Amino acid sequence: MTFDVIVIGSGQAGVPLATRLAAAGKRVLLAERGDLGGTCVNTGCTPTKTMMASARAAHVARTAGRLGVRVPQVEVDLGAIADRKDAIVRRWREGVGKRVQVEGLTVLRGHARFAGEREVEISGEIHKAETIVINTGARALVPPIDGLGETPWLDNASVMSLRDVPSHLLILGGGYIGCEFGQMFRRFGSRVTIVDHSGHLLSREDPEISCALEDIFRKDGIGLELNAKVVQVSGGAGAIDVRLDGGKELRGSHLLVAVGRRPNTDDLGCDKGNVALDAKGFVVADDEYLTSAPGVYAVGDVLGGPQFTHTSWDDHRLLFDLLLGRSRRGRRGRFIPYTVFTDPQVAGVGLTERGARERGLPFETATMAFGSIARAIEVDETAGLLKVILDPQSERVLGASIVGPEAGELIHIFVVLMQGGATARAIVDAQFVHPTFAEGVQSLLMKLERYALR
Ligand SMILES: Cc1cc2nc3c(=O)[nH]c(=O)nc-3n(C[C@H](O)[C@H](O)[C@H](O)COP(=O)(O)OP(=O)(O)OC[C@H]3O[C@@H](n4cnc5c(N)ncnc54)[C@H](O)[C@@H]3O)c2cc1C
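A. Looking closely at the nonpolar core. Of all hydrophobic cores here, the largest spans 44 residues; its most connected members are Phe-114 and Ile-134. Contributions of two or more residues to this core are made by β1 (2-8), α1 (14-23), β2 (28-32), β4 (112-116), β5 (119-122), β6 (125-134), β16 (296-298) and α8 (309-323). For Ile-134, the residues in contact, after removing those within four places along its chain, are Ile-8, Phe-114, Leu-268, Val-275, Val-283, Val-296, Tyr-297, Ala-298, Val-299 and Val-302. Within the second largest apolar cluster, 33 residues are counted, among which are Met-160, Met-184, Val-192 and Leu-201.

Here it is in structure tokens:
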């Protein structure tokens, strides 16, 4: 059949793009080989954050004594936690199912691959369109480690199907996925060891941000093996051995592999569609999402940029306007915030200090401990710090990083400031409600000499 637009993948960009284009009068085909809603809904944000809420509840109950509230015994029922997670995922997925019931939109369930330029094959049938959008996302990367193929291991999807708490969960990868699962399972009662080849967890952060999280993890009883390269894994169900460079051996009951994501392009027929990929298999596209093939665009994680739901969603917004000729605004120059949903959270936007240095930019920086924020003391959540990087000439914020309670909410103060092109003085001159964590953002800025009260 011939359509105006074919969207491959019902991810965070694909669904809104397909439904809005159909509502705008286009004949649209949306192809999905798995569950509607993509990674975020089914195996990413929604299930992890649902389960993290249970992990936090267990932690709050266990540590309530410090606030004078004694909880005699805390029991974690992983089956019940998984059931609650499944119910919420189902609800979101069904919601997506309803959203795609739009006139002009055909949804085909099946694997799609390019059969030629502007041609896509799904379940043996060829479909054509002037415009094709790739939103096929990414999946867990399987590292080439000796023995991994013969050893049972878990990825982000299968680890959330466990119904019994592992006695010792070994995690390969100290990025955000490894950190979130590590703390989650520690709080469910597992012994947890995270192994990473770099010197710090969340290695893209400035060291003091990573160190703050590492201190918190160590206090939670999470084992960290940093600067450690895994050379071999072996074993079977319930007894997994991991050998590190240097000879150290770790034994756990389960192994979670969370060392990165690989794009879903290996089985997409990109060669037939003349869609160029980079060395890692990510789709190459210009500022306006156009790939090497005329009329073929790519959005979301498959592009290999920052892989977040809000970024993929924003891709849809920009591409929709580009396709309809409403704007020529591309994706470069966007501020892309992120949050690691550990407890406390880690959040950032813009440049780190290291990033500013690497670019040779002039900057001023200030840091402040959460322990000096009244609210943090009152609720006894004092671990963490805030950090800001300021351009001394323009007084614009170049970047901010926060590890601490509600970091994922607080970072939006900087996001809006930066997006609006305002100077940091806007924060200094505003009134912040007392006692809130947000007051800490204002106090942080006042740590800079230029804003200090005298
Ligand atoms: C454990 C985990 C936790 C996460 N937590 C967060 C978070 O808290 N916040 C956040 O912002 N981001 C989070 N992410 C990242 C987020 O899930 C992704 O960035 C987001 O889903 C955007 O993906 P996308 O739109 O590119 O595609 P996806 O959501 O991955 O969707 C791609 C879709 O394409 C389909 N598909 C692939 N190939 C084909 C084909 N050939 N034919 C037909 N269909 C195909 C897939 O089945 C899938 O449904 C998390 C990810 C993981 C793994």
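B. View of the sheet that holds strand β18 (residues 345-350). Judged by pairing direction, the sheet is antiparallel, and its five strands sit side by side in the order β17-β18-β21-β20-β19 without closing on themselves. Two strands bound the open sheet, and with one partner strand each, they are β17 (338-340) and β19 (364-369). Neighbour to neighbour, the strand axes of the sheet diverge by 10° on average, direction disregarded. As paired strands, β19 and strand β20 (residues 385-390) are joined by six bridges and run antiparallel to one another. Paired with Ala-366 across the bridge in β20 is Val-388.

C. Up close: the packing of helix α3 (residues 45-63) against helix α5 (residues 176-188). The interhelical angle for the contact between α3 and α5, taken along N-to-C directions, is 45°, at an axis separation of 9 Å. Between α3 and α5, the angle falls in the class oblique. Here α3 and α5 pass one another in a crossing that is left-handed. The residues of α5 that touch α3, namely those facing Thr-48, Lys-49, Met-51, Met-52, Ser-54, Ala-55, Arg-56, Ala-58, His-59 and Arg-62, are Glu-180, Phe-181, Gln-183, Met-184, Arg-187 and Phe-188. Tallied by class, the residues present in the contact of α3 with α5 amount to seven nonpolar, four polar and five charged.

D. Examining a nonpolar patch on the surface more closely. A contiguous nonpolar surface patch, about 240 Å² in accessible area, is contributed by Leu-67, Val-69 and Val-71. Of note, Leu-67 is situated in the loop between α3 and α4 (78-99). Given a relative accessible area of 49%, Leu-67 falls into the partly exposed group.

E. Representation of the sheet that holds strand β10 (residues 223-225) in the model. A sheet is described by the order of its strands in space; here four strands give the open sequence β10-β9-β8-β14, paired in parallel fashion. Every interior strand has two partners, whereas the edge strands, β10 and β14 (254-257), have only one. For this sheet, the mean angle separating the axes of adjacent strands, direction not counted, is 20°. Pairing geometry for strand β9 (residues 191-195) and β10, over three bridges, is parallel. Looking at β10, one finds that Ile-194 is bridged to Leu-224. The strands that α5 touches are β8 (168-172), β9 and β14; relative to β9, the one it contacts most, it runs at about 165°.

F. Layout of the site of the ligand. The local shell around the ligand holds 38 residues, among which Glu-32, Thr-39, Lys-49, Asp-301 and Ser-312 are the closest. A distance of 3.2 Å separates a nitrogen atom of the ligand from a polar atom in the backbone of Arg-33. The separation between an oxygen atom of the ligand and a polar side-chain atom of Ser-312 is 2.7 Å. Here the ligand has 1000 Å² of accessible area as a free molecule, and 95% of this is covered by the chains.

Definitions and limits used
- Residues numbered from 1 in each chain as written.
- Predicted model: local features only at pLDDT ≥ 70, side-chain atom pairs only at ≥ 80, totals over all residues.
- Heavy atoms only, no water.
- Core = buried A, V, L, I, M, F, W, Y, C linked by side-chain atoms within 4.5 Å.
- Buried < 20%, exposed > 50% of the residue type's maximum accessible area, 1.4 Å probe, protein only.
- Helix = DSSP H or I, 4+ residues; strand = E, 2+ residues; numbered from the N terminus.
- Contact = heavy atoms within 4.5 Å.
- Pairing = 2+ DSSP bridges.
- Axes fitted to C-alpha atoms, helices over the stretch in contact; angles between N-to-C directions.
- Parallel < 35°, antiparallel > 145°, perpendicular 65-115°, else oblique.
- Left-handed = near helix turned anticlockwise from the far one by under 90°.
- Nonpolar A, V, L, I, M, F, W, Y, C, P; charged D, E, K, R; others polar.
- Patch = residues over 30% accessible without salt bridge, like charges linked within 9 Å, V, L, I, M, F, W, Y side chains within 5 Å.
- Areas by Shrake-Rupley, 256 points an atom, 1.4 Å probe, with all protein chains shown as cover.
- Salt bridge = Lys/Arg side-chain N within 4 Å of Asp/Glu carboxyl O.
- Near = heavy atom within 4 Å.
- Polar contact = N/O pair within 3.5 Å; in protein donor to acceptor, adjacent residues only side chain to side chain.

Read these as geometric descriptors, not functional statements.
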